[in-house]
Amino acid sequence: MNDRTAVLPGAFAERMQRLLGGEYEAFAASYGQGRQYGLRRNLQKGTEEEFIRVMPFPLEKVTWTREGYYYDAAAQPGRHVLHEAGAYYIQEPSAMAAVEALAPQPGERILDLCAAPGGKSTQIAGRMQGQGLLISNEVIGERARILSQNVERMGISNCVVCSEKPERMSALFPSFFDRVLVDAPCSGEGMFRKEEAARQEWSPEAVRMCAERQAMILEEAAKTVKPGGVLVYSTCTFSPEENEGTISAFLRAHDEYNIEETALEGILSPGRADWVEQPAAGIGHTLRLWPHLLRGEGHYIARLRKQGQVTDKKPVQGAGDKKLCKLIERFMREELGIGDAWIARHPGRLVRFGEQIYLMPAEMTSLEGLRILRPGLQLATEKKNRFEPAHALALTLLPGDSSRMYGLSGQEAAAYLRGESLACGEQRGWTVLSYEGYALGFGKASGGQMKNHYPKGLRKSL
C-alpha cells in the first residue's frame, strides 16, 4: 500500500477489505490517485453553447448529469468574475448525482432538508427554472448563512432559506412536498481522498452515531412528502450501516414507501443487499459511487416513492400589498429598466422585513413559526421616499431583462468586484453592470462616473 493509502483509518481499511474482497486493492489504490474537480453550470443563465464560449479554461463533461463538468485544478475557477456572477457552482462531481436521482421539475414544491452549503439546492433550482417553491433548510446557523449566500449568488428567486430542526419542518409542512432530498450528515468516508479532516475524525463510534441520527432525520423527512411524492436519501460514505442498513430499517417501518429505480442504473453501481442482515426489497436499485470505478468520490443514493394519489395543491395566495406592488413595479420599470419578461418569470407576493422588500414564492403558504434567513428574492431596500435595488435582484437578470445593462471588460469587471468606481460615459442613473452577458450587480451613474454598489462584504481581488 502506498503512502497515501497508508493513512486510511485501520478499522475502516479492515472493514472495506472484508466487504470488497478481491476488489479492495483497486479501491485502496484509488487513494493514491489525484481527486477530481468539478463545477456545474447554472441552468437559469444562458445556454450550454453560450456558457462554453465564455469559459476561460477547458471543461470535460460529467457523464451522470447534463450540467456537470470536470476542470483542471490549476484553472482556479473560484477566482474568476464568472464565479461571482453565478455562472457556475464549484461542486465535487459525484455529489451531482443525488439531484439527478431526485429529478426535480418546474412548478413543484421541493424541500432540501440538510442543504448547506448549497450545492444540491442550487442544482435543484436550476432544474426548476424559477417555477414552483424550493425550501432550503440547514439547522446550523452559520452554515445556513453560507447556504443563503450561495442561493443569492446563483440568482435563485423561488427559494426560501430557513434554519430549523427536522422535527420542526415535519410539523410545519406535513404531506406538503412533491420531492424531498435528505443529503444526510454522515461519517464522510467517501471524502477521505478529498478531505484530511474526514479521515482524522472517523471512528466506528462515529459511524454508529451517524446511523442513529440519519434514522431520525429520515423519519421526519418522510412526514413532509405528499402521497405520490419522491424522497431521495443520500450520503457521502461507504458504511452499510448508514446506507443500505438505514434504508432497509426505514422501509421495514414504513410500508407506504418503496424503492424506485432511477435513470442512473447502469451508469452507477448498485446497492449491496449482501452487506446487511435484513435487506429491503429492491435495495439493489439503490446506487453507490466508488472512487475506483468512476471519476469522483464515494456516495450512496436511494430514491423512494410514497404510495398514494397526488393531492391537489393548495390555492396560491395573492400578490400581497397592492400599493407596495405598484410602487416596486414602477421603480423596477422606470429606474432599473426591468420589463415584462422578467416580471412574467417571477410570480410571487411581496413581504417586508423591516426596510427590506422580498418577493416570496407564490407557493409558500406562510412564514409563521419558521426561523427565516431568506424569505425569497430580495428586491429592494426602502429608504425615505425612495428604493435602492438589492444586489440579489441584479443576479437574477438575463440579457434583455433590463434596458439599463452596461457591459464591462475583464479589467473593469475585476475593478468593480474590488469596489472601485468606473468611468461610464453618458450613462445615467441605476445601471446593471455585466460581464459576458452575466449580471454582476448595480452601479449608479452620474457625471461620467459609475458609483459602485457592489456589497462591501462581497468585495474581493481576483
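Residues numbered from 1 in each chain as written. Predicted model: local features only at pLDDT ≥ 70, side-chain atom pairs only at ≥ 80, totals over all residues. Heavy atoms only, no water.

1. A short note on the overall build of the protein chain
Along its length, the protein chain carries 16 helices and 23 strands. Radius of gyration (C-alpha) of the protein chain: 23 Å, near the 23 Å computed for a compact globule of 462 residues. Dimensions of the protein chain, computed from C-alpha atoms along their principal axes, come out at roughly 75 × 50 × 35 Å. Within the protein chain, buried positions represent 56% of all 462 residues. In the protein chain, 71% of the contacts between residues at least 6 apart in sequence involve partners at least 24 apart. Surface summary for the protein chain: the accessible area is close to 19300 Å², and the carbon and sulfur share equals 48%. Separation of charge centres in the protein chain, based on 57 positive and 57 negative side chains, amounts to 7 Å. (Helix = DSSP H or I, 4+ residues; strand = E, 2+ residues; numbered from the N terminus. Rg over C-alpha atoms; globule rule 2.2 N^0.38 Å. Buried < 20%, exposed > 50% of the residue type's maximum accessible area, 1.4 Å probe, protein only. Contact = heavy atoms within 4.5 Å. Areas by Shrake-Rupley, 256 points an atom, 1.4 Å probe, with all protein chains shown as cover. Lys, Arg positive; Asp, Glu negative; His and termini not counted. Charge placed at Lys NZ, Arg CZ, Asp CG, Glu CD.)

2. With respect to the sheet that holds strand β2 (residues 60-61)
Reading across the sheet, the 4 strands line up as β2-β3-β1-β4 and stay open at both edges, with antiparallel pairing between neighbours. Looking along the sheet, the strands with just one partner apiece sit at the ends: β2 and β4 (88-90). Bridge count for β2 against strand β3 (residues 68-70) is 2 bridges, and the pairing is antiparallel. Across the sheet, the residue bridging to K61 is Y69, located in β3. (Pairing = 2+ DSSP bridges.)

3. As for the confidence of the model for the protein chain
Confidence along the protein chain averages 95 in pLDDT terms, with 97% of residues attaining 70 or more. Every residue in residues 1-6 is under pLDDT 50, and counting partners more than four places away or in other chains gives 12 contacts. (pLDDT = per-residue confidence, 0-100.)

4. A word on the nonpolar core
The tendency in soluble globular proteins is for nonpolar side chains to be buried side by side. Core analysis: the largest hydrophobic core is formed by 38 residues, its most contacted members being I135, V182, L231, I247 and M364. A total of 4 residues in this core trace back to one element, the largest contributor, which is helix α11 (residues 204-223). Listed in part, the 32 residues of the second largest apolar core include A101, L102, A115 and L294. (Core = buried A, V, L, I, M, F, W, Y, C linked by side-chain atoms within 4.5 Å.)

5. Points about the pattern of salt bridges
A complete count under the given rule lists 29 salt bridges for this structure. Its salt-bridge partner being E84, residue K460 comes within 3.4 Å of it at the nearest N-O pair. Residue K460 is located in the segment after β23 (449-452), and its partner E84 is located in helix α5 (residues 81-84); the two are separated by 376 residues in the primary sequence. Among the residues examined, K460 registers a relative accessible area of 35% and is labelled partly exposed. Across the pair E164 and R168 runs a salt bridge, and its minimum N-O distance is 3.8 Å. A relative accessible area of 32% places R168 in the partly exposed class. One salt-bridge network, in which partners are shared between bridges, spans E67, E100 and R127. (Salt bridge = Lys/Arg side-chain N within 4 Å of Asp/Glu carboxyl O.)

6. Some thoughts on the pairing of strand β13 (residues 299-306)
For β13, the tally of buried residues reaches 7 of 8 residues, placing the bulk of the element in the interior. Sheet topology places strand β9 (residues 225-235) next to β13; 6 bridges connect them, and they run antiparallel. Residue pairing across strands places V232 opposite R303, the latter belonging to β13. Strand direction decides the pairing type here: strand β10 (residues 257-259) and β13, joined by 3 bridges, are antiparallel. By the bridge assignment, Y257 is partnered in β13 with K306. In this sheet, β13 lies alongside strand β12 (residues 287-289) in antiparallel orientation, the contact comprising 3 bridges. The residue of β13 that forms the bridge with L287 is I301.

7. A word on unusual backbone geometry
Cis peptide bonds are those with omega within 30 degrees of zero, and the linkage from A116 to P117 qualifies with 5°. Residue placement: P117 occurs in the loop between β5 (109-112) and α7 (119-128). We note that A103 has phi near 55°; this positive angle belongs to a residue other than glycine. Looking at where A103 falls in the secondary structure, it is placed in the loop between α6 (97-102) and β5. Although it is not a glycine, E436 adopts a positive phi angle of roughly 55°. Within the secondary structure, E436 sits in the loop between β21 (429-435) and β22 (438-446).

8. Things to note about the sheet that holds strand β15 (residues 356-360)
Here 4 strands make up an open sheet; going across it, the order is β14-β15-β17-β18 and the pairing antiparallel. The open sheet has two free edges, formed respectively by β14 (349-353) and β18 (386-389), since each of these has just one partner strand. The average angle at which neighbouring strand axes cross in this sheet is 30°, direction not considered. Packed onto the sheet, helix α13 (residues 322-336) meets β14, β15, β17 (377-383) and β18 and runs at close to 60° relative to β18. (Axes fitted to C-alpha atoms, helices over the stretch in contact; angles between N-to-C directions.)

9. Side note on the side chain of E152
Tracing the sequence through the fold places E152 in helix α8 (residues 141-153). E152 gets classed as buried once you look at its relative accessible area, which sits at 15%. Beyond its immediate sequence surroundings of up to four residues, E152 is in contact with R374, H391, A392, L395 and L458.

10. Considerations on the pairing of β17
For a regular strand, the rule is simple: side chains alternate between the two faces of the sheet. Among the 7 residues that make up β17, 5 are buried, leaving the element largely enclosed by the rest of the structure. Where β15 lies against β17, 4 bridges are found, and the strand directions are antiparallel. Across the sheet, residue Q356 finds its bridge partner in β17, namely T381. Where β17 meets β18, 4 bridges bridge the pair, whose relative direction is antiparallel.

11. A look at the state of the cysteines
Scanning the model with the defined rule gives 0 disulfides in all. We note that C186 lacks a disulfide partner, and the nearest cysteine sulfur, in C236, lies 3.4 Å from it. (Disulfide = S-S within 2.5 Å.)

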